[in-house]
Amino acid sequence: MHLKTRISSFLRITCGLCLIVCCLGFNVSSAAADVATQSNPINTKVYEYRSPSADGIGKFYLGREIAKVMGHTGSLWLERPSREREEQPTKAIAALDLKPTDVVADIGAGTGYFSFRLAKVVPQGKVFAVDVQPEMLDIIEFLKQENKIANVEPVLGAIANPNLPTNSIDLALMVDAYHEFSHPNEMMKKLVKALKPAGRVVLVEYRRENPFIPIKTLHKMTQKQARKEMQAIGLQWQTTKDVLPSQHIMIFTKGNG
């Protein structure tokens, strides 16, 4: 009951804040910004550091400035009723070709919007709902208990590690999340270790190639950039499915070596 009260209070507060979060871009809570810019030892061989743009953290990976994080105060944006029409998540999940026994990691799960939908598709499998914000995991746990969903497991990730067991997942899904990773190289290397031998990584990102998609530039990715970044950590591009109105579904595999 204590958890339910906390979540209800949190969502009431968030309701007032969500008006500032719209399809023109994401605002950031100070706590989330701290997470995004949390310092690890600087690896000058992997990242570059410059003055940050309005929507970035001033940290560049393979030529791309990393975007600021959308904090938990934007949670109602993730649960907006118009999302099914705007993004067609049901179609996105169908494009993953999941088996009922698959184990899926929803990285940057937020409120569990995709996690709970994935859980229905893998009834004999499991969904790890991974997020670095405890407030998001509180929401997921509350919704899990409210809806009596047994095969979703909230996981508190770190900025450079999803904290998943080695060789444990069939698919890692990142929906509008990867571009905000403050340590993408380290994070993805750990994620690759969590994949089973035939495991897949899927990025769902707004198409940066299209300037008319009303999302801030740093919150979009081109296929070319995504493929370059995945290749850097040993993943091979398999296919891109452009079946959604505004987003790429980019699928990568571990490869042979």
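Numbering of residues starts from 1 in every chain and runs along the sequence as written. Thresholds applied to this predicted model are a pLDDT of at least 70 for local features of residues and 80 or more for the giving and counting of side-chain atom pairs; totals over whole chains, interfaces and linings are not thresholded and use all residues. Side-chain numbers come from the whole structure's heavy atoms, not from hydrogens or water.

1. What about the overall build of the protein chain?
Rule in force here: Under the scheme used here, helices are H or I runs from DSSP no shorter than 4 residues and strands are E runs no shorter than 2 residues, and both carry numbers assigned from the N terminus. Any residue under 20% of the maximum accessible area for its type is buried, any over 50% is exposed, and the rest in between are partly exposed; the area is computed with a 1.4 Å probe on protein chains only. By the convention used here, residues are in contact when the closest approach between their heavy atoms is within 4.5 Å. Residue burial considers only the protein chains on display, and all accessible areas are found by Shrake-Rupley using a 1.4 Å probe.
Assigned secondary structure in the protein chain consists of 9 helices and 11 strands. The 257 residues of the protein chain split such that 52% are buried. Sequence separation of at least 24 residues holds for 67% of the intrachain contacts in the protein chain that already meet a minimum separation of 6. A total accessible area of about 12,100 Å² is found for the protein chain, and carbon and sulfur atoms account for 55% of it.

2. Comments concerning the sheet that holds strand β2 (residues 56-61)
Test applied: Strand pairing requires that DSSP identify at least two bridges connecting the strands. Only the contacting stretch of a helix is used when fitting its axis, a line to C-alpha atoms as for every element, and angles between N-to-C directions run 0 to 180 degrees.
Pairing is antiparallel across the open sheet formed by 3 strands, whose spatial order is β1-β2-β3. Both edges of this open sheet fall to β1 (47-49) and β3 (64-67), since each of them pairs with a single strand only. With direction set aside, neighbouring strand axes in the sheet form an average angle of 40°. Judged from the 3 bridges that link them, β1 and β2 form a sheet pairing that is antiparallel. Of the residues in β2, the one forming a bridge with Y47 is Y61. Strands β1, β2 and β3 of the sheet are contacted by helix α8 (residues 184-194), whose axis makes an angle of about 155° with β1.

3. Looking at the nonpolar core
Basically, it comes down to this: Residues belong to one nonpolar core when they are buried, are Ala, Val, Leu, Ile, Met, Phe, Trp, Tyr or Cys, and are joined through side-chain atoms within 4.5 Å.
Counting residues in each nonpolar core, the largest one holds 30 residues, and the members touching the most others are L164, I169, M174, M188 and V201. Secondary structure elements with two or more residues in this core: β4 (103-107), β5 (126-131), β7 (169-175), α8, β8 (195-207), α9 (223-232) and β11 (247-253). Among the elements that take part in this core, α8 stands out by supplying 5 residues, more than any other. Beyond its immediate sequence surroundings of up to four residues, M188 is in contact with M174, Y178, F181, V201, M230, I233 and L235. If you look at the next biggest cluster of nonpolar residues, it comprises 27 residues, including L137, L171, V202 and I249.

4. Thoughts on the confidence of the model for the protein chain
Applied cut-off: Per-residue confidence from the predictor is reported as pLDDT, which spans 0 to 100.
Mean pLDDT over the protein chain: 85, with 79% of residues reaching 70 or higher. Low pLDDT (under 50) marks residues 1-42, which in the prediction has 64 contacts with non-local residues, meaning those over four places away or in another chain.

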